[in-house]
Amino acid sequence: MSRFGKKLNIVLLGPPGAGKGTQAKSLAHKYQLLHISTGDILREAVRQNTKLGREAQSYIRKGELVPDEVVFNLVKEYLTQRDCENGAIFDGFPRNINQAKMLQNLEYIKQSDCFIVFLIDIPEQEAIRRLSNRRYCPKCKSIYNLLDKMPQKHVGDSYLCDKCGERLVIRDDDKPETIKHRLHIYHKEIGPVIDFYKDLSLLYNIDGIRGKEAVFNELVNTVDEIIAKDCKNDRNKK
Ligand code: AP5
(Lines give C-alpha, C1' and ligand atoms only; values in the text may rest on other atoms or scores of the structure.)
Protein backbone atom coordinates (compact mmCIF):
# COMPACT_ATOMS: atom_id res chain seq x y z
CA MET A 1 0.00 0.00 0.00
CA SER A 2 1.11 3.54 -0.63
CA ARG A 3 2.09 5.92 2.14
CA PHE A 4 -1.50 7.14 2.33
CA GLY A 5 -2.70 3.57 2.74
CA LYS A 6 -4.54 3.27 -0.54
CA LYS A 7 -3.87 1.86 -3.97
CA LEU A 8 -3.53 4.75 -6.43
CA ASN A 9 -3.95 4.17 -10.15
CA ILE A 10 -3.47 6.92 -12.71
CA VAL A 11 -4.12 6.90 -16.45
CA LEU A 12 -2.43 9.49 -18.65
CA LEU A 13 -4.19 10.26 -21.93
CA GLY A 14 -3.00 12.75 -24.50
CA PRO A 15 -1.67 13.13 -28.02
CA PRO A 16 1.85 12.07 -28.98
CA GLY A 17 4.28 14.59 -27.51
CA ALA A 18 1.89 15.80 -24.79
CA GLY A 19 4.43 14.79 -22.14
CA LYS A 20 2.81 11.58 -20.88
CA GLY A 21 6.12 9.74 -20.57
CA THR A 22 7.88 12.71 -18.99
CA GLN A 23 5.15 13.24 -16.39
CA ALA A 24 4.59 9.52 -15.78
CA LYS A 25 8.22 9.07 -14.76
CA SER A 26 8.03 11.95 -12.26
CA LEU A 27 4.67 10.86 -10.86
CA ALA A 28 5.81 7.23 -10.54
CA HIS A 29 8.83 8.44 -8.60
CA LYS A 30 6.83 10.77 -6.35
CA TYR A 31 4.08 8.29 -5.45
CA GLN A 32 6.19 5.11 -5.78
CA LEU A 33 3.94 3.71 -8.49
CA LEU A 34 4.68 1.11 -11.12
CA HIS A 35 5.17 2.93 -14.44
CA ILE A 36 3.54 0.99 -17.27
CA SER A 37 4.43 2.54 -20.61
CA THR A 38 3.10 0.30 -23.35
CA GLY A 39 5.24 2.20 -25.86
CA ASP A 40 8.45 1.53 -23.86
CA ILE A 41 7.57 -2.14 -23.36
CA LEU A 42 6.86 -2.59 -27.07
CA ARG A 43 10.05 -0.75 -28.13
CA GLU A 44 12.09 -2.91 -25.74
CA ALA A 45 10.56 -6.03 -27.29
CA VAL A 46 11.50 -4.72 -30.75
CA ARG A 47 15.04 -4.01 -29.55
CA GLN A 48 15.38 -7.53 -28.18
CA ASN A 49 13.83 -8.98 -31.31
CA THR A 50 11.32 -11.11 -29.37
CA LYS A 51 8.21 -12.62 -30.99
CA LEU A 52 6.17 -9.70 -29.58
CA GLY A 53 8.74 -7.23 -30.90
CA ARG A 54 8.65 -8.67 -34.41
CA GLU A 55 4.85 -8.51 -34.39
CA ALA A 56 4.74 -4.95 -33.00
CA GLN A 57 7.49 -3.43 -35.13
CA SER A 58 5.54 -2.89 -38.34
CA TYR A 59 2.67 -1.20 -36.47
CA ILE A 60 4.96 1.12 -34.52
CA ARG A 61 6.99 2.13 -37.58
CA LYS A 62 3.81 3.12 -39.42
CA GLY A 63 2.34 4.87 -36.36
CA GLU A 64 -0.54 2.39 -36.21
CA LEU A 65 -1.92 0.86 -33.03
CA VAL A 66 -0.69 -2.60 -32.10
CA PRO A 67 -3.71 -4.98 -31.81
CA ASP A 68 -5.67 -4.52 -28.58
CA GLU A 69 -5.36 -8.12 -27.36
CA VAL A 70 -1.58 -8.05 -27.72
CA VAL A 71 -1.25 -4.82 -25.73
CA PHE A 72 -3.81 -5.81 -23.11
CA ASN A 73 -2.09 -9.15 -22.42
CA LEU A 74 1.15 -7.29 -22.07
CA VAL A 75 -0.34 -4.88 -19.50
CA LYS A 76 -1.86 -7.77 -17.51
CA GLU A 77 1.42 -9.65 -17.54
CA TYR A 78 3.34 -6.57 -16.44
CA LEU A 79 0.96 -6.04 -13.51
CA THR A 80 1.39 -9.61 -12.30
CA GLN A 81 5.16 -9.71 -12.70
CA ARG A 82 6.05 -6.37 -11.13
CA ASP A 83 5.50 -4.68 -7.81
CA CYS A 84 2.32 -2.63 -8.00
CA GLU A 85 1.57 -2.71 -4.29
CA ASN A 86 1.18 1.11 -4.19
CA GLY A 87 -0.57 1.27 -7.54
CA ALA A 88 0.39 2.01 -11.12
CA ILE A 89 0.54 4.71 -13.71
CA PHE A 90 -0.71 3.80 -17.17
CA ASP A 91 1.14 5.78 -19.84
CA GLY A 92 -0.15 5.27 -23.37
CA PHE A 93 -2.84 2.80 -22.39
CA PRO A 94 -5.76 2.83 -23.09
CA ARG A 95 -5.69 4.23 -26.65
CA ASN A 96 -9.21 3.36 -27.80
CA ILE A 97 -12.58 2.55 -26.30
CA ASN A 98 -12.01 -1.20 -26.49
CA GLN A 99 -8.82 -0.90 -24.43
CA ALA A 100 -10.54 1.47 -21.96
CA LYS A 101 -13.28 -1.11 -21.35
CA MET A 102 -10.73 -3.91 -21.04
CA LEU A 103 -8.86 -1.93 -18.39
CA GLN A 104 -12.03 -1.05 -16.49
CA ASN A 105 -13.02 -4.73 -16.33
CA LEU A 106 -9.68 -5.78 -14.94
CA GLU A 107 -9.98 -7.09 -11.36
CA TYR A 108 -6.90 -5.08 -10.42
CA ILE A 109 -8.63 -1.80 -11.40
CA LYS A 110 -11.95 -2.80 -9.83
CA GLN A 111 -10.10 -3.09 -6.53
CA SER A 112 -8.37 0.25 -6.93
CA ASP A 113 -9.09 2.73 -4.10
CA CYS A 114 -8.21 5.80 -6.08
CA PHE A 115 -8.47 5.91 -9.86
CA ILE A 116 -7.65 9.15 -11.68
CA VAL A 117 -7.56 9.87 -15.41
CA PHE A 118 -5.69 12.88 -16.73
CA LEU A 119 -6.01 14.19 -20.26
CA ILE A 120 -2.89 16.23 -21.00
CA ASP A 121 -3.57 18.22 -24.15
CA ILE A 122 -1.38 20.27 -26.48
CA PRO A 123 -1.97 21.73 -29.96
CA GLU A 124 -0.78 19.77 -32.99
CA GLN A 125 1.99 22.22 -33.91
CA GLU A 126 3.49 21.91 -30.44
CA ALA A 127 3.41 18.10 -30.68
CA ILE A 128 5.29 18.24 -33.97
CA ARG A 129 7.81 20.71 -32.59
CA ARG A 130 8.52 18.59 -29.50
CA LEU A 131 8.68 15.23 -31.23
CA SER A 132 10.96 16.48 -34.02
CA ASN A 133 13.46 17.43 -31.31
CA ARG A 134 13.09 14.43 -29.01
CA ARG A 135 15.96 12.08 -28.28
CA TYR A 136 15.36 8.78 -26.47
CA CYS A 137 17.53 6.39 -24.51
CA PRO A 138 16.77 2.86 -25.74
CA LYS A 139 18.38 1.39 -22.59
CA CYS A 140 16.99 3.28 -19.56
CA LYS A 141 14.13 4.98 -21.50
CA SER A 142 15.09 8.52 -20.47
CA ILE A 143 13.54 11.27 -22.58
CA TYR A 144 15.46 14.33 -23.83
CA ASN A 145 14.73 17.29 -26.03
CA LEU A 146 17.17 19.33 -28.06
CA LEU A 147 15.11 22.46 -27.40
CA ASP A 148 14.97 22.43 -23.64
CA LYS A 149 16.41 19.24 -22.17
CA MET A 150 19.73 18.78 -23.88
CA PRO A 151 21.83 15.75 -23.00
CA GLN A 152 25.17 16.86 -21.55
CA LYS A 153 27.60 14.62 -23.47
CA HIS A 154 28.06 13.60 -27.06
CA VAL A 155 30.38 11.48 -29.16
CA GLY A 156 30.67 12.82 -32.69
CA ASP A 157 27.11 13.43 -33.89
CA SER A 158 25.54 11.19 -31.22
CA TYR A 159 24.31 12.32 -27.85
CA LEU A 160 24.79 10.11 -24.80
CA CYS A 161 22.29 9.45 -22.03
CA ASP A 162 23.10 11.48 -18.90
CA LYS A 163 21.89 8.60 -16.72
CA CYS A 164 23.36 5.45 -18.28
CA GLY A 165 25.75 6.65 -21.01
CA GLU A 166 23.90 4.82 -23.83
CA ARG A 167 23.83 6.42 -27.29
CA LEU A 168 20.53 8.31 -27.70
CA VAL A 169 18.32 7.63 -30.70
CA ILE A 170 15.60 9.34 -32.70
CA ARG A 171 12.57 7.09 -32.35
CA ASP A 172 11.55 5.30 -35.53
CA ASP A 173 8.10 6.85 -35.29
CA ASP A 174 9.34 10.43 -34.80
CA LYS A 175 9.70 11.04 -38.54
CA PRO A 176 7.50 13.98 -39.66
CA GLU A 177 5.08 11.89 -41.76
CA THR A 178 4.72 9.26 -39.00
CA ILE A 179 4.13 11.93 -36.35
CA LYS A 180 1.25 13.28 -38.47
CA HIS A 181 -0.20 9.80 -38.86
CA ARG A 182 0.07 9.11 -35.10
CA LEU A 183 -1.77 12.37 -34.42
CA HIS A 184 -4.45 11.35 -36.92
CA ILE A 185 -4.90 7.95 -35.23
CA TYR A 186 -5.03 9.63 -31.81
CA HIS A 187 -7.81 12.04 -32.85
CA LYS A 188 -9.71 9.23 -34.58
CA GLU A 189 -9.72 6.98 -31.48
CA ILE A 190 -9.68 9.19 -28.40
CA GLY A 191 -13.17 10.80 -28.46
CA PRO A 192 -15.06 7.76 -27.10
CA VAL A 193 -12.32 7.16 -24.50
CA ILE A 194 -12.74 10.73 -23.20
CA ASP A 195 -16.53 10.33 -23.10
CA PHE A 196 -16.17 7.00 -21.31
CA TYR A 197 -14.09 8.49 -18.49
CA LYS A 198 -16.23 11.65 -18.36
CA ASP A 199 -19.30 9.47 -17.84
CA LEU A 200 -17.51 7.71 -14.99
CA SER A 201 -16.60 11.15 -13.55
CA LEU A 202 -12.94 10.22 -13.55
CA LEU A 203 -11.50 12.68 -16.06
CA TYR A 204 -9.33 15.73 -15.32
CA ASN A 205 -8.17 18.06 -18.12
CA ILE A 206 -4.64 19.38 -17.95
CA ASP A 207 -3.22 22.11 -20.17
CA GLY A 208 0.03 20.54 -21.38
CA ILE A 209 1.38 23.57 -23.23
CA ARG A 210 3.05 24.95 -20.11
CA GLY A 211 6.52 24.00 -18.84
CA LYS A 212 7.10 20.50 -17.46
CA GLU A 213 7.25 21.71 -13.88
CA ALA A 214 3.97 23.65 -14.08
CA VAL A 215 2.23 20.62 -15.57
CA PHE A 216 3.73 18.35 -12.91
CA ASN A 217 2.63 20.70 -10.11
CA GLU A 218 -0.93 20.70 -11.36
CA LEU A 219 -0.97 16.91 -11.60
CA VAL A 220 0.42 16.55 -8.08
CA ASN A 221 -1.96 19.16 -6.62
CA THR A 222 -4.90 17.35 -8.15
CA VAL A 223 -3.75 13.93 -6.93
CA ASP A 224 -3.08 15.28 -3.44
CA GLU A 225 -6.47 16.96 -3.28
CA ILE A 226 -8.17 13.71 -4.22
CA ILE A 227 -6.13 11.78 -1.66
CA ALA A 228 -6.94 14.40 1.00
CA LYS A 229 -10.62 13.78 0.37
CA ASP A 230 -9.98 10.09 1.00
CA CYS A 231 -10.51 9.53 -2.72
CA LYS A 232 -14.17 10.33 -2.19
CA ASN A 233 -14.35 13.46 -4.27
CA ASP A 234 -17.10 13.72 -6.89
CA ARG A 235 -15.16 12.20 -9.67
CA ASN A 236 -14.07 9.16 -7.70
CA LYS A 237 -17.34 8.13 -6.16
CA LYS A 238 -18.37 5.64 -8.88
P1 AP5 B 1 4.01 5.67 -27.19
O2 AP5 B 1 5.42 5.45 -26.86
O3 AP5 B 1 2.98 5.54 -26.12
O4 AP5 B 1 3.92 7.08 -27.93
P5 AP5 B 1 2.84 8.26 -27.91
O6 AP5 B 1 1.58 8.01 -27.16
O7 AP5 B 1 2.68 8.64 -29.32
O8 AP5 B 1 3.50 9.34 -27.04
P9 AP5 B 1 4.95 9.83 -27.09
O10 AP5 B 1 5.83 8.88 -26.34
O11 AP5 B 1 5.36 10.19 -28.47
O12 AP5 B 1 4.81 11.23 -26.32
P13 AP5 B 1 4.59 11.54 -24.80
O14 AP5 B 1 3.24 12.12 -24.59
O15 AP5 B 1 4.98 10.39 -23.92
O16 AP5 B 1 5.63 12.72 -24.64
P17 AP5 B 1 7.10 12.75 -24.00
O18 AP5 B 1 7.00 12.80 -22.52
O19 AP5 B 1 7.98 11.72 -24.61
O20 AP5 B 1 3.55 4.69 -28.37
C21 AP5 B 1 4.34 4.48 -29.50
C22 AP5 B 1 3.70 3.43 -30.40
O23 AP5 B 1 3.58 2.16 -29.70
C24 AP5 B 1 2.26 3.73 -30.84
O25 AP5 B 1 2.22 4.56 -31.98
C26 AP5 B 1 1.74 2.32 -31.14
O27 AP5 B 1 2.23 1.83 -32.35
C28 AP5 B 1 2.36 1.50 -30.02
N29 AP5 B 1 1.51 1.51 -28.82
C30 AP5 B 1 1.82 2.04 -27.60
N31 AP5 B 1 0.81 1.87 -26.75
C32 AP5 B 1 -0.17 1.23 -27.42
C33 AP5 B 1 -1.48 0.81 -27.07
N34 AP5 B 1 -1.99 1.01 -25.85
N35 AP5 B 1 -2.23 0.20 -28.03
C36 AP5 B 1 -1.74 -0.01 -29.26
N37 AP5 B 1 -0.52 0.37 -29.66
C38 AP5 B 1 0.27 0.99 -28.75
O39 AP5 B 1 7.55 14.20 -24.49
C40 AP5 B 1 7.78 14.44 -25.86
C41 AP5 B 1 8.93 15.45 -26.00
O42 AP5 B 1 8.48 16.71 -25.48
C43 AP5 B 1 10.18 15.07 -25.19
O44 AP5 B 1 11.31 15.45 -25.93
C45 AP5 B 1 10.05 15.89 -23.89
O46 AP5 B 1 11.31 16.23 -23.34
C47 AP5 B 1 9.29 17.11 -24.37
N48 AP5 B 1 8.37 17.65 -23.37
C49 AP5 B 1 7.57 16.96 -22.52
N50 AP5 B 1 6.84 17.78 -21.77
C51 AP5 B 1 7.17 19.05 -22.18
C52 AP5 B 1 6.74 20.36 -21.79
N53 AP5 B 1 5.80 20.54 -20.84
N54 AP5 B 1 7.28 21.41 -22.42
C55 AP5 B 1 8.22 21.25 -23.40
N56 AP5 B 1 8.68 20.05 -23.80
C57 AP5 B 1 8.14 18.96 -23.20
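For the structure, check the block above.
Caption draft 1: Spotlight on the pattern of salt bridges. Using the criterion set out here, one finds 15 salt bridges in the structure. The shortest N-O distance in the salt bridge between D40 and K25 comes to 3.8 Å. Note that D40 is positioned in helix α2 (residues 38–47) and K25 in helix α1 (residues 20–31), a separation of 15 residues in sequence. We classify D40 as buried; its relative accessible area is 11%. For K25, a relative accessible area of 26% translates into the label partly exposed. When the shortest N-O distance is used, the salt bridge between R171 and D173 registers 3.0 Å. The network of salt bridges with common partners includes R134, R171, D173, D174 and R182.

Caption draft 2: Representation of the state of the cysteines. The full count for this structure, using the stated rule, is one disulfide. Sulfur-sulfur distance for the disulfide between C114 and C231 comes to 2.2 Å. Handedness of the C114-C231 disulfide follows from its S-S torsion of about -105 degrees: it is left-handed. Residue C114 is found in strand β4 (residues 114–121), and its partner C231 is found in the segment after α9 (212–228); the two are separated by 117 residues along the sequence. On the accessibility criterion, C114 (0% relative accessible area) is buried.

Thresholds applied
- Residues numbered from 1 in each chain as written.
- Predicted model: local features only at pLDDT ≥ 70, side-chain atom pairs only at ≥ 80, totals over all residues.
- Heavy atoms only, no water.
- Salt bridge = Lys/Arg side-chain N within 4 Å of Asp/Glu carboxyl O.
- Helix = DSSP H or I, 4+ residues; strand = E, 2+ residues; numbered from the N terminus.
- Buried < 20%, exposed > 50% of the residue type's maximum accessible area, 1.4 Å probe, protein only.
- Disulfide = S-S within 2.5 Å.

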